[in-house]
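Each chain, written out:
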Amino acid sequence: MPLEERLLVQCGDSITRKMAGVTLGGRHAWLRANHLCQGMQMLQRASCADLSNNSFVQLALEKTGLSWDVRKSQLYGPATYAMIRSRTGLKLGLWQDPSQFAAALIKLGSAVHEIRTYLEVGCYTGWTACILATFMQRVGHRLRGFIVDLTAHYAEPVLPLLRSRNLTFVLRRDVPANKTELLSRLELDRSQPQLMKRRGYRVGRHFSLCFIDAQHSYMGIMDDFREFSPYCRRALFHDIQDFDAVHLQNFSGGVPAFWQHLTEYTHPHRITQITSQLAAFAPHFGLGIVGPNENGTVEPDKVPLSGWPKWHGQGKARLRQAFCANPKGTFIRICEYL
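The rules behind each value
Within each chain, residue numbers correspond to sequence positions counted from 1 in written order. For this predicted model, a pLDDT threshold of at least 70 governs which residues receive local features, and a threshold of 80 or more governs which side-chain atom pairs are given and counted, while totals over whole chains, interfaces and linings are taken from all residues. Each side-chain value is worked out from all heavy atoms of the structure, with water and hydrogens disregarded. Under the scheme used here, helices are H or I runs from DSSP no shorter than 4 residues and strands are E runs no shorter than 2 residues, and both carry numbers assigned from the N terminus. Each residue after the first adds 1.5 Å to the expected span of a helix. Relative accessibility decides the category of a residue: with a 1.4 Å probe and only protein chains considered, values under 20% of the type maximum give buried, values over 50% give exposed, and everything between is partly exposed. Nonpolar cores are built from buried Ala, Val, Leu, Ile, Met, Phe, Trp, Tyr and Cys residues. Side-chain atoms within 4.5 Å join them into one set. Residues count as neighbours in contact if any of their non-hydrogen atoms are within 4.5 Å of one another. Two strands are said to pair when DSSP picks up at least two bridges between them. Note on definitions: angles span 0 to 180 degrees between N-to-C directions of axes, and those axes are lines fitted to C-alpha atoms, for helices only across the stretch in contact.

Colleague: How would you sum up helix α6 (residues 127–138)? Please name residues and give values.
Modeller: The α-helix advances 3.6 residues per turn, and as a result positions three or four apart in sequence lie on the same side. When the terminal C-alpha atoms of α6 are compared, their 17 Å separation across 12 residues agrees well with the 16 Å that a helix rising 1.5 Å per residue should span. Judged by how many residues are buried, α6 sits mostly within the fold: 12 of 12 residues are covered. Taken together, the buried positions of α6 are Trp 127, Thr 128, Ala 129, Cys 130, Ile 131, Leu 132, Ala 133, Thr 134, Phe 135, Met 136, Gln 137 and Arg 138. Note on α6: the residue one or two positions beyond its end, Gly 140, has a positive phi of about 115°.

If you want it as structure tokens, here you go:
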């Protein structure tokens, strides 16, 4: 059944500019956040049947809005109409292929084990975190957690919406070396008693889900994965087939090259790839999900990170030699354009 009106996130209006219980600074700030708020309400009002329907969830994401990009249909295909262009140049909207993100949400929402704790590394505008948390909570997961970035500037307009979803922003420099300290904060926080109604609520030793979407060069995402993977039971990755990420740091291969190695050194049953896209051009975006190993983390099974190839950007020719001589996985399509 849809949620009662009183439980919906409150979007307010352009006169009072009050959203999720907080008065925003001005009319433009309210307008920027209202796109996202309306998308969240659409998910909250949806039936369970709708929330398991890829077409409906994709439509809800498009109604929320997509980040404006000069590539338009080459990036979003027929969903180009959903782009939001800002007069100020600030990025608004979801930086996602809505068909891919819809499939990922439905996959994660159907998880047998409850997803209670969430950590997003590289939240940027915070829109993806708001939608993911709204969807997961709507389908029954008592999710709460943290989103992390170098600055809160880009997410500031939607911070009230993030707080309404039980998500707390943390500056990257303030993330403790031992991530269990963050989990301890969730265990001690009783500010959301409705999350504790069911007996046996414990946050556990690992984050139920980590979205690692900060650095996109090969060594950058390798560093992030090395730091956070011991504390994550599941991990979500963005841009696993993104053609533009391949060029970073002198053709390091970016996230696609990292994903190629991760899937090679991880048992196949733990891997989910979502690469079908709306655009009919070069491969873009792509979402990957990794499930837990026998120790309950997302670390690889077959070869530890210390045993991975010492790979870094060595130019386009070297990248083609390493990944396109016998292309596998997401590189099958990438190599057609490289």
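Colleague: Could you give an account of the nonpolar core, with specific residues and numbers?
Modeller: By size, the foremost hydrophobic cluster in this structure holds 55 residues, and its most contacted members are Ile 131, Leu 132 and Leu 161. The element best represented in this core is α6, accounting for eight residues. Apart from residues lying up to four places away in sequence, Leu 161 is in contact with Val 9, Met 19, Ala 20, Ala 33, Leu 36, Cys 37, Met 40 and Cys 130. Core analysis: the second largest hydrophobic core is formed by 44 residues, Val 175, Leu 183, Phe 243 and Val 290 among them.

Colleague: Run through unusual backbone geometry, naming residues and quoting values.
Modeller: A positive phi angle, close to 50°, is found at Gln 249, a residue other than glycine. Of note, Gln 249 is situated in helix α10 (residues 248–251). For Gln 249, a relative accessible area of 53% corresponds to the exposed category. Although it is not a glycine, Phe 251 sits at a positive phi angle of roughly 55°. Tracing the backbone through its elements, the reader meets Phe 251 in helix α10.

Colleague: How would you sum up the sheet that holds strand β11 (residues 287–290)? Please name residues and give values.
Modeller: Across the sheet, which stays open at both edges, the seven strands sit in the order β7-β6-β5-β8-β9-β11-β10 with mixed pairing between neighbours. Edge positions in the sheet fall to β7 (167–171) and β10 (271–274), since each of these pairs with one other strand and no more. For this sheet, the mean inter-axis angle between neighbouring strands, taken without regard to orientation, is 15°. Bridge count between β10 and β11: four bridges; the pairing is antiparallel. Residue pairing in the sheet places Thr 272 in a bridge with Ile 289 of β11. Running at roughly 165° to strand β5 (residues 117–121), α6 makes contact with β5, β6 (144–149), β7, β8 (209–212) and β9 (235–238) of the sheet. In the packing of helix α9 (residues 218–228) onto the sheet, the strands contacted are β5, β8 and β9, and the crossing angle to β8 comes to about 160°.

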